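Spelled out, the chains give:
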Amino acid sequence: MTRLAWLDALRGWAAVTVAVFHLSPAVLGGDRHLSLYHAFDLGRYGVLLFFLVSGYVIPMSLERHGSLRRFWTGRLLRIYPAYLVAAVVALALGAAGLLRMPAQLTTETAASVAGHVTMLQDLLGVRGVLRPFWTLSYEMVFYLLTAGLFAWGRHRWSAWWAAGLTAVAAVVALPDDLLGGTVGQRRITAVAVLVLLVGVVAAYLTGSKAVSLVAAAGGLGAAALPMVNGSATGGVTGASSAQATQMLAVMFAGTVLYRMRHRQIGRLPAAVALTVVLAGAAVHLGPAVVLAVAVTFGAGYALSERRPPAVLVWFGEVSYSLYLLHIPVLAVAVHVSDRPLIIALLFTAGALGTAWAGHRYVERPAQELARRLPVINIATQGTDARTGSFGKHRESV
């Protein structure tokens, strides 16, 4: 059992809650689902818990590698193979008439393709072929910001970013669709972002410190997307740029917790930043959900030295495939039967089976490939943050 098992357990719990949330309408019926949704948004709870865990782990991964080149190689092989498989499965089900595809695939093909390639579709005003893809937009922005700060040696400014993003969301009148309010704007923005992202990642993969420093400026510019384009169309999940910016602040709150635990920042500044984020998140994301997320993560944090339930750890290990593939499984289950109990049984068996298969035959081979690649560790300015506490723990995300 590794010292990151508690994070796997939290991730597993988050994945299960999101899957249950999406199953709910088919089992309980639309009216009951909506009643529960209005009382407590279980889907948002699971997503925010995911964001906190990512915020905690991604800087650990980057600083453990000590190289932006190795970090991005690992990230790309970690997230894209399973993502591409899920997209292909969704398109196949859509062609078979089992899964409804977003209209933008045909009406805004260029923006949709560019958005899916960058994983930034939700922040470009484009709906993903699978609804859960929207959270990957925030993950990608966070990767770019974390890498940019690391390249510039400002990676320990987590508390400032967490509190600062919350302050921006609270006091600045942010536009919701500055870069994607029209079809033409979405197309231009999506293509420009694709070129920028490819350029930034390619620069990091060169391993050159000088090139990485320049690329970091472009990467840090990704913060503009949630700030000015957080709700470009009605088809995306973000309700406003203020809400999108606040969700990014939640991810940095996870980083604050990580740095506090490893004594890279003091308890007082960490407490101040976390209090600010908690208050802002309660306003923009719902007080009950935010409180539940804080309590859940706090419990995992407090019990991190104890052995978590093995089933939750396993769910955490397969959580990415479970998260990506449970909607296609649900679409098939609903097509096979209209009886709630049968749907629930088919969904449970199918979701767990596809999650295991995705992890075993897609994720693990890609991760093994990342470990075998002869990537040269050319350090950047951020390597002073590496600590012996990381040891040889496997990466949790």
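The rules behind each value
Residues numbered from 1 in each chain as written. Predicted model: local features only at pLDDT ≥ 70, side-chain atom pairs only at ≥ 80, totals over all residues. Heavy atoms only, no water. Helix = DSSP H or I, 4+ residues; strand = E, 2+ residues; numbered from the N terminus. Rg over C-alpha atoms; globule rule 2.2 N^0.38 Å. Buried < 20%, exposed > 50% of the residue type's maximum accessible area, 1.4 Å probe, protein only. Contact = heavy atoms within 4.5 Å. Axes fitted to C-alpha atoms, helices over the stretch in contact; angles between N-to-C directions. Parallel < 35°, antiparallel > 145°, perpendicular 65-115°, else oblique. Left-handed = near helix turned anticlockwise from the far one by under 90°. Nonpolar A, V, L, I, M, F, W, Y, C, P; charged D, E, K, R; others polar. Expected span 1.5 Å × (residues − 1). Polar contact = N/O pair within 3.5 Å; in protein donor to acceptor, adjacent residues only side chain to side chain. UniProt positions renumbered as here; feature names shortened; annotations may be inferred.

Caption draft 1: Just the overall build of the protein chain, in detail. Counting its regular elements, the protein chain contains 17 helices and 0 strands. For 397 residues, the compact-globule estimate of 2.2 N^0.38 gives 21 Å, and the C-alpha radius of gyration of the protein chain, at 20 Å, lies within 12% of that figure. Seen along its three principal axes, the alpha-carbon backbone of the protein chain occupies a region of about 60 × 55 × 45 Å. The proportion of buried residues among the 397 residues of the protein chain is 54%. Taking the intrachain contacts of the protein chain between residues at least 6 apart in sequence as the baseline, contacts between residues at least 24 apart amount to 81%.

Caption draft 2: Examining the packing of helix α3 (residues 42-65) against helix α14 (residues 287-302) more closely. Here α3 crosses α14 at 45 degrees, and the two axes come no closer than 9 Å. As summarised for this structure, α3 and α14 are arranged oblique, according to the angle between their axes. Taken as a pair, α3 and α14 cross one another with a handedness that is right-handed. Residues Arg44, Tyr45, Leu48, Leu49, Leu52, Val53 and Tyr56 of α3 touch α14, and the partners they reach there are Val289, Val290, Ala292, Val293, Thr296, Phe297 and Tyr301. Partitioning the contact of α3 with α14 into residue classes produces 12 nonpolar, 1 polar and 1 charged.

Caption draft 3: α3, seen in detail. With 24 residues, α3 extends 34 Å from end C-alpha to end C-alpha; this agrees with the ideal 34 Å at 1.5 Å per step. For α3, the N-terminal cap is Asp41; the gap from its side-chain oxygen to the backbone nitrogen of Gly43 is 3.2 Å. Positioned one or two residues after α3, Gly66 has a phi angle of 70 degrees, which is positive.

Caption draft 4: Up close: the UniProt feature "domain: Acyltransferase" (unreviewed entry) in the protein chain. Here, UniProt's "domain: Acyltransferase" (unreviewed entry) annotation points to residues 5-357. Within residues 5-357, the helical portion is 77% and the strand portion 0%, while the C-alpha atoms at the span's ends are 21 Å from each other.

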